[in-house]
Amino acid sequence: MVEIKYQTKPLDIWNEGKALRQQYYENYAKAHEKGGIRWAGGAWAYSAVPAGLGDDVWSLTGEPYGASVAFNKEFAARCQEAIEAKGFARDLCAYLRNYLGSVVLDEYVFGGKFPKPDFMWTTHICCSHAKWYQIASDLEGGVPFFCIDVSTGLIQDFSERRRDYVVNQLLDGIDWLEETTGRDYDDEKLIQAVYNECEATSLWAEICAMNKTIPAPLDEKTMYSLYVFGTIMKHRPEIVAFYRKLRDEVQERVDNKIAAVGNEHRRVITDTQPPWGFLEIFRYLEKYGVVSVGSLYTFSLIGAWEVKDDGTWGPKTTPQEQGIDITTRRQALEILADWTHARPEWQHFYSAQEKSDMMLRIVREWQVDGVMLHYNRGCEGLSLNIAENRLAFKEAGVPVLPFEGNMGDEREFDLERTKKAVDSFLELLGVK
Amino acid sequence: MITAGIDFGARNVKVVILEDGKIAARGTALTGFDLKIAAKEASEMALKAAKLKLDEITHITETGIGQGSVEFAADSVSEVGANAKAGVKLLPSARTIIDVGAEEARAVKCNESGAMEDFVVNERCAAGAGAFVEAMSRALEVELEQMGPMSLKATEAVPMNAQCTVFAESEVVSLIHAQTPKANIACAIHDAIAERVISMVRRLGITEDVLLVGGLAYDVGFVDSMKRGLGVEVHVPEFPEYVSAYGAALIARERAKE
Amino acid sequence: MFDKFKEWYDNRHDYAQAWKKRTGGKVLGYFCTYVPEELLIAADILPVRILGSHEAQDVTEPHIFGMFCPFCRDCLAQGLKGRYDYLNGIMIAQSCLHIRQTYSSWVKHIPQEFSYYLYMPHGVQTPHAYPYLRGELAVFKEALEKWMGRPISNKNIDRGIEVVNKNRQLMKKVYEFRKQENPPLTGLEAMYMVVSSQMVNKEEHNRALEEVLKELPNRKLNRNTGTRLMILGSEDDDTEFVEMLESLDSTLVVDDHCTGTRYFWNEVEPQEDRLAAIAARYIDRPPCPSKDWPERKRFPHILQLVKDYNVQGALVIQQKFCDPHELDMPALRKMLEENGIPTYFLEFDVTVPIGQFKTRVEAFLETFALPDLF
Ligand code: SF4
Ligand code: SF4
C-alpha cells in the first residue's frame, strides 16, 4: 500500500448538505399540503423560469431521481422490470427507465406514492429528453408538458438569432406557465432566480477549480454528493448559501493542505456518470493512492466556467459581478440563455473534438496522470463520442482506461471484471 | 533462482516454473469451483515434472481470475502485464499480443522491454470466443480438434452476422439446415470470432509483430481467420496457453531480485 | 422497369464517380434526410445519402462505442474503408445523437474539402422553428456559396425546388398505385425507387420515374398480393429482408421510413422568400421521432396511411439501440392495435438472420389467414 502523505478529515458541512437534500425531496412531496406547486423536468431544464410563479414552487428533476433509484438496487430492479413490461427497451437511458418505472409502480423512492407533478417543464438537447416527459405525461394521465428546444449548437455559434429562438420559446413558456397554473408570473422572482443560478453555478466551478491543488481537497466520490444541488435546484437561494459555505471550507482545506485522500499519489479523472451502485470502485483506487479529482461531468454539467486571463479555466464571472442590472423579463432570459448554453458539458453534443479538447485541458490544469472513461450503456447522451475521446487521449500520450458499465442498471456492470481492468490500469500508472 | 507463475483461466489453471529464467516445467488442471484445489493440482504436476518442492520456489506471482486465492503466491500481475512480459521474451519483435481464451479476449501493446503501453480487456463483443467454438463444434457434430483443420478446407465464404453470439448461433443452425458444407460453416464461425476480436484490437491500433496466445491459438482455423482479418502475419508461440503463466513467472523473477 | 433503380442502388459509387467525371461537378455525402437537397441542387452539387453496406465489419470499434445503432456504425465503416473517397464534401442536418457520431468521426478521420453541420431544430412544433431554420438555411447557403465560389441566385433555388418537388410528386404518384387491390409493384421495387433517389441526379431519376408511370397502368404482376403490410421504424434499406418478406404471400403497400415516405411525402410550397419556403417544408414534413414532441404528430399521419393504403398489418422494425424509435415504439404499437392493425416487432442489425426472421414473420402472417369466427 502507498504511504500516507497528507492530513485528511471529513467535510464539516457534510451533514448540512445531507439535510438540505432530504429537505428538498420532502418539500417536493409535500408541496400540495401547503398549497404549493410541483413540477417535474430534467436537470438540464431552465429551472429558474418556473420560479417566477412563486417561492412555493418545487421541482423533481429526473436524472438525480433516477440516480437515487439506482442506489436502491432492489427498487431499481423493480422499476426496470415495470417499465420493460410496458414495452420499453432495456437499452434506453437508465435514468429514464428508473424514473418511469417508479411512475408505473406509483412508488416514490423516498417512501410513499409517487408524487404526481402539476406540470412538466424541460429542455431538449439529448434525444431522450423530450420523449422522457412525453411518456411520463402519458403514464400520468396527461400532465401538461412544455419543452424547449435548446439544440442550437456550440457556444461560439450562439448568435443573437439563435439565442432568440431559445428566448422566444421561454417567453411562450412563461405564458404557458401562467395559463397552466392559473397564477400570475412575477418577473422580480425570475430575475432573482437568474442571479441565484449564475452565482450558484459559478461557485461550483470555483470549488472544482480548487481541486487543481495537490493534494486535492475533494475527491470525486465526495463531489458527487455536493454537485447534486446544482442538478436539483440550481436557482434557489439555499444553494447559493450552501455553496458559499462550501467554497470557504474547501479554501481552508487548500490553505492547510488537507487532502481528500491521505495517500494521494496519482491523480485521475473519469467521464460520464459513474455506476451509482458501485462507487466502491473509487475506494479500490484509493487503496493504491489513486484519487479521482473530478471529471468534465462533475465540473461542468452544472458548473459555469470561462477561460481566465492566464488561459486557464476558472469560475465564470456572474452578471452581478459584472455590475449588470437585470430589469426586464427578456433581459433575464437572454442572460440566462447565454449562461446556460456556455456550459462545457453542453458542447460535446455537437463535436467530439470539443469534448476531447476540454478533457485534455482538465488533464493539464488539474495535473492528472490518467483517465478512466466509463463507457456508460445507461446514457447515450454523455457517452456520445466517448470512443473518439479515448483516441484523443491516446494520441496525447495520456494513459486511459475505458470500462463498460451502466450508471443506473446494475445488470450491465460487472464489478469483478472492472476491478481486473483497473488492476491493469494501475500497473500502467506504475502504482501496482 | 527458482520462480513460478500461476494463471487462473476461466477453464484451466496453468503453472509455469522457471529455473534461472528457463522453463523447467508446466502444469495444468481444470479450474472447477475451488481455485485452491485447482492451483494445488496444477502446481503439484509442475513441481513433480521439475522434481522440486514448493518451498524451493523463491517467489510465486499469480495472474488471472481469483487473484489472492492461494496463500503461497507472493503477489499478482494482470494478464495483460504478464502477456506483455512473456510475449516479448518469446518473440522479441512482438509489439501487439492478443490473448483469446475460453471466456475472454484481451490484447496488449508493449515496448521492446515487455512493458505494457496500452491494453484492451474484457470486451463483451469478444467475450466467450473459445466457448463459442466449442458450442458450435457440438452443433456441427465435429470434434473440437477438427474444427481448425476442417475450416482450412473451406471452399466458399459464407457471410455470417457477427454482431452477437445468440444471432450467430441461430444462423449456424440455419446454415446446417441449408446443407452448407461443414467446412464452410466452420470457416464462417472462425471468421466471425476473429472479426469480433479484431474489432476490439483495432482500438489499440495494430503494431507488428503480432503474437497470438491463449487456448484458441491452438486452433489453426482461427489463426488463419485472424491472419486474413488483420492482413498481417500472426505469430503463435509454442504452448500458447501458458504464456500468461510464463509472464507471471518472469515477473516473479524480477520482483524476487528487487 | 424498376431495374434501373436497383442498378443505381447496387452501383451507387460507380454512378457518383461517373457523374463527377461527366459533369466535373462536386459530390456531397450527407447523413439524414433533413438535409435540404434543394439548396445543394441549386448549387449544382450532387447530394448522395450515405448508407451502410450491410456487411459485417471490424473497423468502427475504435470510433463508436458499441451501444450506438448498427446503422451509424455501418455508415462510418463505408467511409473508413474508403468507399466514399470520391466525395468532395460531407454534411449532416442535426438529427439523432447516433448518426452525429458518424459525422463527427468522419470529419476527423476522412479528409474532405467541405464539411457542414446544419443546426436543424428539434422543436419542429414551435412556431419559432420556422424563422430559426430559415436563418440556418441562410447561413448554410452562404457556406455553400463560399465553397463553390459563386453565388446561388433565386433562379438557381427555384430550379432546385422544382426538381426536388417534381421528384416528390412523381414518387407519390407511383405510391398511388400501391393502393390498388393488387398493386402493380412490390414493396421491394418501391424501396429501390426511393433509396436510389437519394443517390442519383434528380433529373435523371425523374425521367426514370416518368417512364415507370407510363407503364404502370398496364403492368400486372404474376404474384399473389397476400396480406397487405406496412413497414415502419428506424432507417431501413434491408432489401434482402423485404425480398424474403414478399416471398411469403404478403406485399408491402406503404411505409413510414426515412428511406420511404418520410423522405418525400410533402413538398416545398413556393413563396417569395425561398428559404422560408424550404424551411417550412422541413419543419412540416412527417417527423423523425426525435423531433416529434410535445405532441405525437406522426401518429395521425401513420393512421392516415393505414387507411389510404388499406393496410392489414404492420411490421415495426427497429435498428438495435435506436433510442428515438424505441421511445415511440410502445405508444405506436398501442395506437395501431387499438385501430385494429396487428403489429409485429423485429430488431435489425447490420445483417439480419434471414432464416430466423422468416420463421417469425411466417407465424405472424398466419394469424391473418385464420378463419373468422362468426
Ligand atoms: S441518456 Fe443521458 S443525457 Fe440523455 S436523458 Fe438520459 S441521462 Fe440524460
Ligand atoms: S434514428 Fe435510429 S436508426 Fe437512425 S441513426 Fe438514429 S439511432 Fe440510428
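Below is a summary of the structure that appears in this document.

The subject of this paragraph is the overall build of chain C. Check the secondary structure of chain C and you find 15 helices and eight strands. What you see for chain C is a C-alpha radius of gyration of 20 Å, in line with the 21 Å of a compact globule of 374 residues. Judged by the C-alpha coordinates and their principal axes, chain C covers about 70 × 45 × 45 Å. Counting the 374 residues in chain C, one finds 67% classified as buried. For chain C, the accessible area works out to roughly 13400 Å², and carbon and sulfur atoms hold 49% of it. In chain C, the 46 positive side-chain charges and the 54 negative ones have mean positions that sit 4 Å from each other.

Turning next to the interface of chain B and chain C. Across the boundary between the two partners, chain B contributes 14 residues, which contact 15 residues of chain C. At the junction of chain B and chain C, the tally comes to two salt bridges. Across the salt bridge formed by D58 of chain C and R202 of chain B, the nearest N and O atoms sit 3.2 Å from each other. Run the count over chain B and chain C and you get two residue pairs in polar contact (both at pLDDT 80 or more). Taken together, the elements giving at least two residues each to the side of chain B that touches chain C come down to helix 5 (165-177) and helix 6 (182-201) of chain B. In terms of residue count, helix 6 of chain B provides more of the side of chain B that touches chain C than any other element does, four residues in total. In terms of residue class, the side of chain B that touches chain C is made up of five nonpolar, five polar and four charged.

Here we take up the sheet that holds strand 7 (residues 266-271) of chain A. All names here are of chain A. Reading across from one edge, 8-7-11-12 is the order of the four strands in this open sheet, with parallel pairing throughout. Single-partner strands in this sheet number two, and they are strand 8 (290-295) and strand 12 (400-405). Pairwise comparison of adjacent strand axes, ignoring direction, gives a mean angle of 30° for this sheet. The pairing of strand 7 with strand 11 (residues 370-376) spans four bridges and is parallel.

Attention now goes to the sheet that holds strand 4 (residues 59-64) of chain B. Strand pairing in a sheet relies on backbone hydrogen bonds, with the paired strands running either antiparallel or parallel. Residues and elements named next belong to chain B. One open sheet accounts for five strands, arranged 3-2-1-4-5; its pairing is mixed. At either end of the open sheet lies a strand with only one pairing partner, and these are strand 3 (22-30) and strand 5 (75-76). Packing of helix 1 (residues 35-50) onto the sheet brings it into contact with strand 1 (2-8), strand 2 (12-19) and strand 3, and relative to strand 3 it is tilted by some 145°.

Here the focus is the site of ligand 1. All names here are of chain A. Close to ligand 1 lie C93, Y95, C126, S128, H129, W132, Q273, C379, E380, G381 and M407. Elements with a contribution of two residues or more to the shell around ligand 1: helix 5 (129-139) and helix 15 (380-383). The residue makeup of the shell around ligand 1, split by class, is six nonpolar, four polar and one charged.

The next point concerns the pairing of strand 2 of chain B. All names here are of chain B. Strand 2 sits mainly inside the fold: seven of its eight residues count as buried. Counting the residues in the hairpin turn of strand 1 and strand 2 gives three residues. Across eight bridges, the pairing between strand 2 and strand 3 is antiparallel. In the strand pairing of strand 3, V15 is matched with G27. In sequence, strand 2 turns back onto strand 3 through a hairpin of two residues, with D20 there showing a positive phi of about 50°.

Let us now look at unusual backbone geometry. With an omega of -5°, the peptide bond between I214 of chain A and P215 of chain A qualifies as cis. Of the consecutive residues W293 of chain C and P294 of chain C, the connecting peptide bond is found in the cis state with omega at -5°. The topology assignment puts P294 of chain C in the loop between helix 12 (274-284) and helix 13 (298-308). Here the phi dihedral of E141 of chain B falls at roughly 60°; this positive angle occurs in a residue that is not glycine. Inspection of the secondary structure puts E141 of chain B in the loop between helix 3 (129-140) and helix 4 (144-152).

This part covers the environment of V35 of chain C. All names here are of chain C. Within the secondary structure, V35 sits in the loop between strand 1 (26-31) and helix 3 (37-42). Sequence-wise, V35 and D3 are 32 residues apart; in three dimensions their C-alpha atoms are separated by 27 Å. Other than its neighbours up to four places away in sequence, V35 contacts Y30, L40, M91, I92, A93 and Y282.

The subject of this paragraph is the environment of L188 of chain C. All names here are of chain C. Residue placement: L188 occurs in helix 8 (residues 187-197). On a C-alpha basis, the gap between L188 and D237 in space is 9.5 Å, while along the polypeptide they are 49 residues apart. Ignoring anything within four residues of it in the chain, the contact list for L188 reads T239, V242, E243 and E246.

Taken residue by residue, the interface counts 53 residues in chain A and 44 residues in chain C. Summed over both partners, the interface of chain A with chain C comes to about 3900 Å²; 58% of that surface belongs to carbon and sulfur atoms. Summed over the shared surface of chain A and chain C, the result is four salt bridges. Summed over the shared surface of chain A and chain C, the number is 24 residue pairs in polar contact (both at pLDDT 80 or more). Secondary structure elements with two or more residues in the side of chain A that touches chain C: helix 5, strand 5 (145-149), helix 6 (160-181), helix 14 (352-365), strand 11, helix 15 and helix 16 (386-396) of chain A. Considering each element in turn, the side of chain A that touches chain C owes the most residues, six residues, to helix 6 of chain A. Looking at the side of chain A that touches chain C residue by residue, the classes come out as 24 nonpolar, 15 polar and 14 charged.

With that settled, the discussion passes to the nonpolar core. Counting residues in hydrophobic clusters, the biggest one holds 315 residues, and the most contacted among them are V49, Y99, W121, Y243 and L246 of chain A together with F241 of chain C. No other element matches helix 7 (residues 187-209) of chain A, which puts 13 residues into this core. M160, L175, A186 and A194 of chain B belong to the second largest nonpolar core, which has 40 residues in total.

In this section: the side chain of K14 of chain B. By secondary structure assignment, the location of K14 of chain B is in strand 2. Using a relative accessible area of 8% as the deciding quantity, one classes K14 of chain B as buried.

Bringing the pattern of salt bridges into the picture now. Enumeration according to the criterion identifies 76 salt bridges over all chains in this entry. Across the pair R247 of chain A and E206 of chain A runs a salt bridge whose closest N-O atoms are separated by 3.3 Å. Separated by 41 residues along the polypeptide, R247 of chain A in helix 9 (residues 237-255) and E206 of chain A in helix 7 bring together distant segments of the chain. Overall, R247 of chain A belongs to the partly exposed group, its relative accessible area being 21%. With a closest N to O distance of 3.9 Å, D349 of chain C and K320 of chain C form a salt bridge. Here D349 of chain C, found in the loop between strand 8 (343-348) and helix 15 (354-369), pairs with K320 of chain C, found in the loop between strand 7 (313-319) and helix 14 (323-338); they are 29 residues apart in sequence, far enough to count as distant. Residues participating in the shared-partner salt-bridge network are K131 and D138 of chain A together with D256, R262, R296, R298 and D328 of chain C.

What counts and how
- Residues numbered from 1 in each chain as written.
- Chains lettered and ligands numbered in written order.
- Predicted model: local features only at pLDDT ≥ 70, side-chain atom pairs only at ≥ 80, totals over all residues.
- Heavy atoms only, no water.
- Helix = DSSP H or I, 4+ residues; strand = E, 2+ residues; numbered from the N terminus.
- Rg over C-alpha atoms; globule rule 2.2 N^0.38 Å.
- Buried < 20%, exposed > 50% of the residue type's maximum accessible area, 1.4 Å probe, protein only.
- Areas by Shrake-Rupley, 256 points an atom, 1.4 Å probe, with all protein chains shown as cover.
- Lys, Arg positive; Asp, Glu negative; His and termini not counted.
- Charge placed at Lys NZ, Arg CZ, Asp CG, Glu CD.
- Contact = heavy atoms within 4.5 Å.
- Salt bridge = Lys/Arg side-chain N within 4 Å of Asp/Glu carboxyl O.
- Polar contact = N/O pair within 3.5 Å; in protein donor to acceptor, adjacent residues only side chain to side chain.
- Nonpolar A, V, L, I, M, F, W, Y, C, P; charged D, E, K, R; others polar.
- Pairing = 2+ DSSP bridges.
- Axes fitted to C-alpha atoms, helices over the stretch in contact; angles between N-to-C directions.
- Near = heavy atom within 4 Å.
- Buried area = accessible area lost by both parts, 1.4 Å probe.
- Core = buried A, V, L, I, M, F, W, Y, C linked by side-chain atoms within 4.5 Å.

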